[in-house]
Amino acid sequence: MNTTPTQRGSLVLPCLDEAAALPWVLGRVPQGWTAIVVDNGSTDGSAQIARELGARVVREPQRGFGAACDAGLREAETDIVAFCDCDGSLDPAAVEAVAGPVRAGEADLVLARREPTARGAWPLHARMGNLALARMVRRRTGVALHDLGPLRAARREGLLRLGISDRRSGYPLEMVMRAVRAGWRIQETSVAYQPRTGRSKVTGTWLGTARAVRDMRAVLR
């Protein structure tokens, strides 16, 4: 993983048993970005692999996507913080395009709109659940979002002030809803979405997707 004295931002990578994906993921982190791998209970040596590849590793014993994201956010020391899945489905190199409008002062929160590159990259049940939630957000907020995916960027202090409380799959949606209420300027930018490495713990099954949708719908109540 390349490093440079010029700090561009911190990339938070929640991680649960992603040993197979980590070499590619960390190898794609752009220069100037600090990779913060938040180990959320891995049993496959993910933490050690990430450490050997030069990432900053944080252990978060409380299980949940939101718990891992919050731990990484608090560990970050840069002005701009981005979040990305650690399974190889999203190219960390895209973080520059996502963070660009935030750095330029054109947006307060930028979300990556996923564009599948191959059949099966985004299971139908997961895609339909995401679309339904995005429509609900558009109706309630008027913000023209089409995806509530994990790759996103904002300024660290602003994110901390939002006071996001969900520690499960509702974290990404709560971030958006609180940002809307705070008057943030929110944008989308398209990124490639490819088949993940290994089996998904969330969207790879109908049950996992249903649980994620349940967590997110609870945020909308």
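Cut-offs applied
Residues numbered from 1 in each chain as written. Predicted model: local features only at pLDDT ≥ 70, side-chain atom pairs only at ≥ 80, totals over all residues. Heavy atoms only, no water. Salt bridge = Lys/Arg side-chain N within 4 Å of Asp/Glu carboxyl O. Helix = DSSP H or I, 4+ residues; strand = E, 2+ residues; numbered from the N terminus. Buried < 20%, exposed > 50% of the residue type's maximum accessible area, 1.4 Å probe, protein only. Phe/Tyr/Trp six-rings, centres within 6.5 Å; stacked < 30°, edge-to-face > 60°. Lys NZ or Arg CZ within 6 Å of the ring centre and 35° of its normal. Pairing = 2+ DSSP bridges. Right-handed = clockwise from strand over helix to strand, strands pointing away. Polar contact = N/O pair within 3.5 Å; in protein donor to acceptor, adjacent residues only side chain to side chain. Contact = heavy atoms within 4.5 Å. Arc of directions from axis to C-beta. Core = buried A, V, L, I, M, F, W, Y, C linked by side-chain atoms within 4.5 Å. Axes fitted to C-alpha atoms, helices over the stretch in contact; angles between N-to-C directions.

A. Representation of the pattern of salt bridges. Scanning the model with the defined rule gives 15 salt bridges in all. Of the charged contacts in the structure, one is a salt bridge between R8 and E96, with a shortest N-O distance of 3.1 Å. Pair noted here: R8 is in the segment before β1 (9-15) and E96 is in helix α4 (residues 95-103), with a separation of 88 residues, a long-range link. Relative accessible area serves as the criterion here: at 25%, E96 is assigned to the partly exposed category. Close ionic contact of E77 with R56 constitutes a salt bridge, the shortest N to O distance being 4.0 Å.

B. Up close: unusual backbone geometry. Its identity is not glycine, yet D17 carries a phi of approximately 55 degrees, on the positive side. With respect to the secondary-structure elements, D17 resides in the loop between β1 and α1 (22-27). With a relative accessible area of 30%, D17 lands in the partly exposed category.

C. Highlighting the packing of aromatic side chains. Within the structure shown, the criterion is met by one aromatic pair. A cation sits over an aromatic face here: R114 above Y193, 5.1 Å from the ring centre.

D. The pairing of strand β3 (residues 56-59), seen in detail. When strand β2 (residues 33-39) meets β3, the two strands line up parallel, connected through four bridges. From the neighbouring strand, V37 faces β3, where its bridge partner is V57. Since β2 and β3 lie parallel, the crossover through helix α2 (residues 46-52) that links them has a hand, and here it is right-handed.

E. Local environment of helix α7 (residues 171-181). For α7, the buried fraction is high: eight of the eleven residues fall into the buried class. Taken together, the buried positions of α7 are Y171, P172, L173, E174, M175, V176, M177 and A179. One or two positions beyond α7, positive phi appears at G183, with a value near 80 degrees.

F. Looking closely at the side chain of T78. Tracing the backbone shows T78 in the loop between α3 (65-75) and β4 (80-83). Side-chain polar atoms of T78 contact the side chain of S10, separated by 2.7 Å. Within the structure, T78 has its side chain in polar contact with the backbone oxygen of I80 (distance 2.9 Å). In this view, T78 contacts Q7, G9, S10 and R156; residues no more than four positions away in its chain are not counted.

G. Quick look at α4. Considered for burial, the residues of α4 that qualify are V95, V98, A99, P101 and V102. Seen along its axis, α4 keeps its buried residues to an arc of 150 degrees; they face one direction. In this fold, the buried residues of α4 make contact with β1, β2, β4, β5 (109-116), β6 (152-155) and β7 (186-193). Immediately downstream of α4, the backbone of G105 shows phi near 80 degrees, a positive value.

H. Broad picture of the nonpolar core. Membership of the largest hydrophobic core comes to 34 residues, with the highest contact counts inside it found for L11, L13, L26, W33, V37 and L151. Residue assignment for this core shows that the elements contributing at least two residues are β1, α1, β2, α2, β4, α4, β5 and β7. If one sorts the elements of this core by residue count, α4 sits on top with four residues. Core analysis: the second largest hydrophobic core is formed by 31 residues, A71, V137, L148 and M177 among them.

I. Broad picture of the environment of W184. Within the secondary structure, W184 sits in the loop between α7 and β7. Separated by 77 residues in the primary sequence, W184 and A107 have C-alpha atoms spaced 7.6 Å apart. For W184, the contacting residues outside a window of four places in its chain are D108, L109, A154, G158, L159, L162 and A179.

J. Summary view of the sheet that holds β7. If you walk across this open sheet you meet the seven strands as β3-β2-β1-β4-β6-β5-β7, and the pairing is mixed. The open sheet has two free edges, formed respectively by β3 and β7, since each of these has just one partner strand. Taking each pair of neighbouring strands and ignoring which way they run, the sheet shows an average axis angle of 25 degrees. As paired elements, β5 and β6 share three bridges and run antiparallel to each other. Note on β6: the bridge partner recorded for L109 is A154. Across the face of the sheet, α4 comes into contact with β1, β2, β4, β5, β6 and β7 while running at roughly 30 degrees to β6. In this fold α7 packs onto β4, β5, β6 and β7, with an angle of close to 135 degrees to the strand it touches most, β5.

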